[in-house]
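Spelled out from the first residue to the last, the chains are:
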Amino acid sequence: MTLLQTQPIYNAFLIAFAFVVVLALTRRKLRRSELWQATLTPLSSIIGSGFLVMAPLLASIVGVWAPVAVCGIVVLAYAIGSVIRFNIVHMSSHTQENHGLITLHDVDYVGKVVLVIAYVIAVAFYLDLLSNFLLNYVGIHDPFLERCLTTVIIAFIGLVGYLKGLGGLEKLEMFSMTIQLAALSALIVGLLVYSYVVLDVHATMVVNETHTVDVQARMLAGVLLIVQGFETSRFLGEKYESAVRIQSMRIAQLMSGAFFIVSVTLLMPVVQTMNLIDINLAEIVSSLTPVALVLPAILMIAALMSQFSAAVADTGGGGGLLAENSAHRLSSRFGYICVCVSSILLVWAVDLLEIIALASRAFAAYYLVQTIIALITNNRSAEEKTPVYWSRQAFFTFIALVLGYIVVFSIPAG
């Protein structure tokens, strides 16, 4: 036990810091900001689905090179996001053009069908993790009760979405993300102080690397999908103009990317105490006890909120996607119900751990479809083959090749 972690003033400071962040995030001006409200959905989905597992997961794959790996993953995710943003701006005028038997609208439709299936799996998986972690934390190990709790939470989210619409889901996201961001801020401050006061700057960190380069590459391809979620901005057109959705996606990716890079770097000394072969949420949270006594409790709350906020965000994205795919003959509110009912059926019918890999591949497949659409759209919209046109084609081609590799060769990392 370190002297720092037991200091009352230090622990009280971290709690106070988290409280200050909560006050800052609940200011009326921010709560009423259209841009911030639009940012919540992609931010919830990105951070919520992997903020705690990223560091130990990367350490188990590439060891001390985890900070470099996370930088590469964040940059690639931002590049894929730029493809989605390009399509938000340019694709609408070209989707109905008929240049043969298949239109861009048909291609996009298939991609969105794949994506909505991924959302259904993701919502079920996130909330199943939430239930599992919560019940295990209080000493209950009962799969039936776990499924019952997961069903209740999913039903609650679906009911809010149906009765209150996108605005209601955003209020749930604002509540959960406020708590989560406050906890994450306290984590970063605690890790910074811990690194400065406790750690020997000359100490060499050792994390075993047991995978071949080929296996590492395939695992990293799978890890990329932990930072998915930015595409949810595209399906918020019911409430937000394209310019707001584009800006909100960019802000969400920059904020989450900065957090992932900083947190993975600061957590590297801590992950040495973990079992990197069988990573579990409870061990990740408890491993932060040497940093500060209050952090495990704070991070336990953040872990619960992260899964909840990610599920809410993907419910919002899935409902908006269903409405868009039906040419708005189906309302977003009914789309939320469809996503939630399908997720409940999955909770009771299958082992979610066995199919979550399919969801990851589905997200990658959707991004690949969007990149192909961007290639075609850029070609059709260019009256002259300028340097900008060729640079875009080269960029989209590179992203398509990377995503093709992920779809075909990625393997689970944990």
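Scroll up a little and you will see the structure.
What you see is a predicted model, and the numbers here were worked out from it, not measured in a lab.

## Some words on the overall build of the protein chain
Scanning the protein chain from N- to C-terminus turns up 14 helices and zero strands. Listing every helix and strand of the protein chain by position from the N terminus yields α-α-α-α-α-α-α-α-α-α-α-α-α-α. Across the 414 residues that make up the protein chain, the buried fraction comes to 54%. Taking the contacts inside the protein chain whose residues are at least 6 apart along the sequence as the reference set, 83% of them involve residues at least 24 apart. About 18200 Å² of surface is accessible on the protein chain, with carbon and sulfur atoms providing 68% of the total.

## So, the pattern of salt bridges
Tallying each qualifying case throughout the model produces three salt bridges. With a shortest N-O distance of 2.6 Å, K112 and E324 are connected by a salt bridge. Of this pair, K112 sits in helix α6 (residues 104–137) while E324 sits in helix α11 (residues 295–325); the two residues are 212 residues apart in sequence, bridging distant segments of the chain. The class for K112 is buried, based on a relative accessible area of 4%. Overall, the relative accessible area of 26% leaves E324 in the partly exposed class.

## Concerning a nonpolar patch on the surface
On the surface, Y137, V138, I140, F144, L145 and W348 cluster together into a nonpolar patch covering about 590 Å² of accessible area. Classification of I140 by relative accessible area gives partly exposed; the value is 32%.

## Regarding the packing of aromatic side chains
Within the structure shown, the criterion is met by 12 aromatic pairs. Between the NZ or CZ atom of R85 and the centre of the ring of Y78, over which it lies, the distance is 4.6 Å.

## Some words on helix α14 (residues 387–409)
Relative to the 33 Å expected for 23 residues at 1.5 Å per residue, α14 spans 33 Å between its end C-alpha atoms, a close match to the ideal helical length. Those residues of α14 that sit buried are Y389, Q393, F396, I399, A400, L403 and I406.

## With respect to the environment of W348
If you trace the backbone, W348 turns up in helix α12 (residues 332–349). Linking W348 and T151, residues 197 residues apart in sequence, is a C-alpha distance of 8.8 Å. Apart from residues lying up to four places away in sequence, W348 is in contact with F144, R147, C148 and T151.

## Description of the packing of α6 against α12
Two numbers describe how α6 lies on α12: the axes approach to 8 Å, and their chain directions differ by 60°. Relative to α12, the element α6 lies oblique. Classified by chirality, the crossing of α12 by α6 is right-handed. Counted together, V120, I121, V123 and A124 of α6 and V339, S342, S343, L346 and V347 of α12 form the full contact between these two elements. Taken together, the residues of the contact of α6 with α12 sort by class into seven nonpolar, two polar and no charged.

## Looking at the side chain of S44
Position of S44 relative to the elements: it lies in helix α3 (residues 34–48). Reaching out from S44, the side chain makes a polar contact with the backbone oxygen of L40 at a distance of 2.6 Å.

## Examining α12
Its 18 residues give α12 an end-to-end C-alpha distance of 25 Å, which sits within 8% of 26 Å, the value for a rise of 1.5 Å per residue. Burial in α12 covers these residues: S332, G335, Y336, V339, C340, S343, I344, L346 and V347.

## Quick look at the packing of helix α5 (residues 66–90) against α14
Taken N-terminus to C-terminus, the directions of α5 and α14 make an angle of 120°; their axes are 11 Å apart at the nearest point. Between α5 and α14, the angle is such that the two are oblique. Judged by the sense of rotation from one axis to the other, the crossing of α5 with α14 is left-handed. Contacts from L76, A79, I80, S82, V83 and F86 of α5 reach α14 at R392, F395, F396, I399, V402 and L403. By residue class, the composition of the contact of α5 with α14 is 10 nonpolar, one polar and one charged.

About the thresholds
Residues numbered from 1 in each chain as written. Predicted model: local features only at pLDDT ≥ 70, side-chain atom pairs only at ≥ 80, totals over all residues. Heavy atoms only, no water. Helix = DSSP H or I, 4+ residues; strand = E, 2+ residues; numbered from the N terminus. Buried < 20%, exposed > 50% of the residue type's maximum accessible area, 1.4 Å probe, protein only. Contact = heavy atoms within 4.5 Å. Areas by Shrake-Rupley, 256 points an atom, 1.4 Å probe, with all protein chains shown as cover. Salt bridge = Lys/Arg side-chain N within 4 Å of Asp/Glu carboxyl O. Patch = residues over 30% accessible without salt bridge, like charges linked within 9 Å, V, L, I, M, F, W, Y side chains within 5 Å. Phe/Tyr/Trp six-rings, centres within 6.5 Å; stacked < 30°, edge-to-face > 60°. Lys NZ or Arg CZ within 6 Å of the ring centre and 35° of its normal. Expected span 1.5 Å × (residues − 1). Axes fitted to C-alpha atoms, helices over the stretch in contact; angles between N-to-C directions. Parallel < 35°, antiparallel > 145°, perpendicular 65-115°, else oblique. Left-handed = near helix turned anticlockwise from the far one by under 90°. Nonpolar A, V, L, I, M, F, W, Y, C, P; charged D, E, K, R; others polar. Polar contact = N/O pair within 3.5 Å; in protein donor to acceptor, adjacent residues only side chain to side chain.

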